[in-house]
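Spelled out, the chains give:
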Amino acid sequence: MVCSSNQNRSMESHYLLKKQGFDVSSYGTGTHVKLPGPSLREPNVYEFGTPYKHMFDDLRRKDPDLYKRNGILPMLKRNLSVKLAPQRWQDNAADGYFDIVFTFEEKVFDMVLEDLHNRDQVLLKSVLVINLEVKDNHEEAAVGARLALDLCEQIEAVESWEDSIDDIMISFENKHRRKLMYSISFY
């Protein structure tokens with residue numbers, strides 16, 4: 001599960017799929033982790049690897065009412081129940097390989113594909129990269145997580161996704177009226 005900051009969309013999906021028994025990881029592709037601040041010009045910026053607990057404590061100290069009202073504190077509380085800290089996709093090579101990578105924004109999809117193409121492809125193991133466009137807000141992240149779960153269940157139900165992927169995607173798009181982008185890359 002990959003979004004820009006490994007905070008909202010990727011973490012909501014990580015949380016739901018983990019709860020449903022999937023082996024799942026999540027990442028961000030940005031240069032920093034950005035969370036809304038008191039204004040658009042004043043985001044809260046952290047390095048990848050900064051523990052969610054640190055961010056939670058920092059924002060609770062700065063303005064607990066604001067960050068509770070805008071959903072950032074509850075989101076960080078959820079995140080720290082899933083893993084220690086946000087991780088950056090481009091730094092994940094040591095984590096091994098994945099069968100499927102979900103992104104939630106076209107820009108992130110492009111960055112993941114570019115990164116995979118720039119890696120040494122020694123295993124020649126295929127990876128399905130899917131973009132499910134999801135607005136970066138709490139409500140849409142919850143919807144996107146349920147859609148990602150549905151798609152994962154459909155893919156898991158077939159013997160060989162490589163043989164069935166086009167039919168699965170068309171069925172999903174018709175059922176949910178959501179357009180998907182997908183590509184196959186290799187490790």
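Given the structure is predicted, the values throughout are model-derived calculations rather than measurements.

> Outline the overall build of the chain, listing residues and values.
Looking only at helices and strands, the chain features 7 helices and 7 strands. Order of helices (α) and strands (β) in the chain, N terminus to C terminus: β-α-β-β-β-α-α-α-β-α-β-α-α-β. Here the C-alpha radius of gyration of the chain, 17 Å, is about what a compact globule of 187 residues would show, namely 16 Å. Counting only C-alpha atoms, the chain reaches 50 × 35 × 30 Å along its principal axes.

> Give me a negative patch on the surface: which residues, what numbers.
A contiguous patch of negative charge on the surface is contributed by E106, D110, E114 and E133. Its location among the elements puts D110 in helix 5 (residues 106–118). Given a relative accessible area of 40%, D110 falls into the partly exposed group.

> Talk me through the packing of aromatic side chains; I want residue IDs and the actual numbers.
Per the counting criterion, the structure on display carries 5 aromatic pairs. A centroid spacing of 5.9 Å and a plane angle of 70 degrees characterise the contact between Y27 and F98, whose relative ring orientation is edge-to-face. Linking Y27 in strand 2 (residues 27–28) with F98 in the loop between helix 4 (72–82) and strand 5 (100–103), this pair joins segments that are 71 residues apart in sequence. Comparing Y27 with F98 shows no difference in burial state: the two are buried.

> Describe in detail helix 5, supporting the description with residues and values.
The terminal C-alpha atoms of helix 5, which comprises 13 residues, lie 18 Å apart, in line with the 18 Å expected from a rise of 1.5 Å per residue. Listed in full, the buried residues belonging to helix 5 are V108, F109, V112, L113, D115 and L116. In an axial view of helix 5, the angular spread of the buried residues amounts to 160 degrees, which keeps them on one side of the axis. In helix 5, the exposed positions angled more than 90 degrees off the buried face are occupied by E114 and N118. Where helix 5 is buried, its residues touch strand 1 (2–3), strand 5, strand 6 (126–132) and strand 7 (180–186).

> Which residues make up the nonpolar core, and what values go with them?
Counting residues in hydrophobic clusters, the biggest one holds 24 residues, and the most contacted among them are F102, I130, L151 and I155. Elements that contribute at least two residues to this core include exactly helix 1 (9–19), strand 6, helix 6 (138–156) and helix 7 (161–176). Filtering out sequence-adjacent residues up to four positions away, F102 remains in contact with M1, V2, I130, A148, L151 and C152. Counting 16 residues, the second-largest nonpolar core is a separate cluster that includes L35, F48, Y67 and I72.

> Outline the packing of helix 1 against helix 6, listing residues and values.
Interaxial distance between helix 1 and helix 6 falls to 8 Å at its minimum, and their mutual angle equals 50 degrees. The pairing of helix 1 with helix 6 is recorded here as oblique in orientation. Read as a crossing pair, helix 1 and helix 6 show a hand that is right-handed. Side by side, helix 1 and helix 6 meet where R9, E12, S13, L16 and L17 of the first sit next to A141, A142, G144, A145, R146, A148, L149 and C152 of the second. Here the residues of the contact of helix 1 with helix 6 are counted per class, giving 8 nonpolar, 2 polar and 3 charged.

> Which residues make up helix 2 (residues 52–62), and what are the values?
Residues lying three or four places apart along an α-helix face the same way, a consequence of the helix completing one turn every 3.6 residues. Along helix 2, the residues classified as buried are Y52, M55, F56, D58 and L59. With its buried residues spanning 165 degrees around the axis, helix 2 presents them on a single face. Turning to helix 2, the residues buried within the fold contact helix 1, strand 3 (33–35), strand 4 (44–46), helix 3 (64–69) and helix 4.

What counts, and at which threshold
- Residues numbered from 1 in each chain as written.
- Predicted model: local features only at pLDDT ≥ 70, side-chain atom pairs only at ≥ 80, totals over all residues.
- Heavy atoms only, no water.
- Helix = DSSP H or I, 4+ residues; strand = E, 2+ residues; numbered from the N terminus.
- Rg over C-alpha atoms; globule rule 2.2 N^0.38 Å.
- Patch = residues over 30% accessible without salt bridge, like charges linked within 9 Å, V, L, I, M, F, W, Y side chains within 5 Å.
- Areas by Shrake-Rupley, 256 points an atom, 1.4 Å probe, with all protein chains shown as cover.
- Salt bridge = Lys/Arg side-chain N within 4 Å of Asp/Glu carboxyl O.
- Lys, Arg positive; Asp, Glu negative; His and termini not counted.
- Charge placed at Lys NZ, Arg CZ, Asp CG, Glu CD.
- Buried < 20%, exposed > 50% of the residue type's maximum accessible area, 1.4 Å probe, protein only.
- Phe/Tyr/Trp six-rings, centres within 6.5 Å; stacked < 30°, edge-to-face > 60°.
- Expected span 1.5 Å × (residues − 1).
- Arc of directions from axis to C-beta.
- Contact = heavy atoms within 4.5 Å.
- Core = buried A, V, L, I, M, F, W, Y, C linked by side-chain atoms within 4.5 Å.
- Axes fitted to C-alpha atoms, helices over the stretch in contact; angles between N-to-C directions.
- Parallel < 35°, antiparallel > 145°, perpendicular 65-115°, else oblique.
- Left-handed = near helix turned anticlockwise from the far one by under 90°.
- Nonpolar A, V, L, I, M, F, W, Y, C, P; charged D, E, K, R; others polar.

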